[in-house]
Amino acid sequence: MLMDSGGNAGTQSSTTVIRGIYTGEIEFKEFVQVMFKELRIGLIVGAVLVAVNIVRMSILDSVSIGVTLTVSVTLLTTIVLSKMIGGILPLIAEKIKVDPTIMAGPLITTIVDTLVLFVYFEVATLLIGV
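My aim in this report is to walk through the structure given alongside it, one point at a time. (Residues numbered from 1 in each chain as written. Predicted model: local features only at pLDDT ≥ 70, side-chain atom pairs only at ≥ 80, totals over all residues. Heavy atoms only, no water.)

Focus on a nonpolar patch on the surface
Part 1 of the argument: Among the surface-exposed residues, Ile65, Leu69, Val73, Leu126, Leu127, Ile128 and Val130 lie close enough to one another that they form a single nonpolar patch of about 680 Å² accessible area.
Part 2 of the argument: Where the nonpolar patch is concerned, the elements lending two or more residues are α3 (65-95) and α4 (106-128).
Part 3 of the argument: Mapped onto the secondary structure, Ile65 falls in helix α3. (Patch = residues over 30% accessible without salt bridge, like charges linked within 9 Å, V, L, I, M, F, W, Y side chains within 5 Å. Areas by Shrake-Rupley, 256 points an atom, 1.4 Å probe, with all protein chains shown as cover. Salt bridge = Lys/Arg side-chain N within 4 Å of Asp/Glu carboxyl O. Helix = DSSP H or I, 4+ residues; strand = E, 2+ residues; numbered from the N terminus.)

This is the structure:
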């Protein structure tokens, strides 16, 4: 769930930014604005998903609050990072004269999946002592 959510969020952001690049609505000089927009959207989407996840885990799973918090914090962090990475990588690709559509799929998903694992294990170590 965590990795799929991250990959989906990152790919959605990259698709939106690539569209903006090709229509002329977004340029590299707007890097910071894109980053903060994706941060805000990531926080909103992440918060909604966390709320749904907490309800789901409370009803369907019999796990400790530590596990619920671990998954929820990781989910929020994953969505925020994914949205930002998905928004930033196409801009960087465009700047270095590489086709930004290359960033839209496998590269973003691979980067995000790797980060999700690191975040999950760090959060689990902090919250439940794994």
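Examining the nonpolar core
Part 1 of the argument: Leu2, Ala9, Val50, Met57, Val71, Leu75, Ile79, Ile85, Leu89, Ile108, Val112 and Val116 together form the largest nonpolar core, which totals 12 residues.
Part 2 of the argument: At the level of elements, α1 (2-23), α2 (31-60), α3 and α4 are the ones that each hand at least two residues to this core.
Part 3 of the argument: The element contributing the most residues to this core is α3, with 5 residues.
Part 4 of the argument: Excluding its chain neighbours within four sequence positions, the residues that come into contact with Met57 are Val63, Val67, Thr68 and Val71.
Part 5 of the argument: Ranked by size, the runner-up nonpolar core spans 5 residues in total, among them Val17, Ile26, Val34 and Leu91. (Core = buried A, V, L, I, M, F, W, Y, C linked by side-chain atoms within 4.5 Å. Buried < 20%, exposed > 50% of the residue type's maximum accessible area, 1.4 Å probe, protein only. Contact = heavy atoms within 4.5 Å.)

With respect to the layout of surface pockets
Which parts of space are left empty comes out when a probe the size of a water molecule is rolled across the atoms.
Part 1 of the argument: Its boundaries defined by the atoms lining it, the largest pocket holds a volume of some 160 Å³.
Part 2 of the argument: Lining the largest pocket, in full, are Gln12, Thr16, Val17, Arg19, Gly20, Glu25, Ile26, Val34, Lys37, Glu38, Ile41 and Lys83.
Part 3 of the argument: Within the residue set of the lining of the largest pocket, elements represented by two or more residues are α1 and α2.
Part 4 of the argument: Examining the composition of the lining of the largest pocket, we find that 5 residues originate from one element, α1, more than from any other.
Part 5 of the argument: Of the residues belonging to the lining of the largest pocket, the class tally is 4 nonpolar, 3 polar and 5 charged. (1 Å grid on protein atoms, 1.4 Å probe; cavity = no way out; pocket = protein on both sides within 12 Å on 5 of 7 lines; lining within 4 Å. Points joined across faces, edges and corners; volume = space filled by probe spheres on them. Nonpolar A, V, L, I, M, F, W, Y, C, P; charged D, E, K, R; others polar.)

Structural notes on empty space enclosed by the protein
Part 1 of the argument: Applying the stated criterion across every chain, the model contains 1 cavity of 30 Å³ or more.
Part 2 of the argument: Approximately 30 Å³ is the volume found for the largest cavity.
Part 3 of the argument: The wall of the largest cavity is formed by Thr78, Leu81, Ser82, Val112, Leu115, Val116 and Val119.
Part 4 of the argument: Sorting the residues of the lining of the largest cavity by element identifies α3 and α4 as the ones contributing at least two each.
Part 5 of the argument: Here the element with the most residues in the lining of the largest cavity is α4; it accounts for 4 residues.
Part 6 of the argument: Its residues assigned to classes, the lining of the largest cavity shows 5 nonpolar, 2 polar and no charged.

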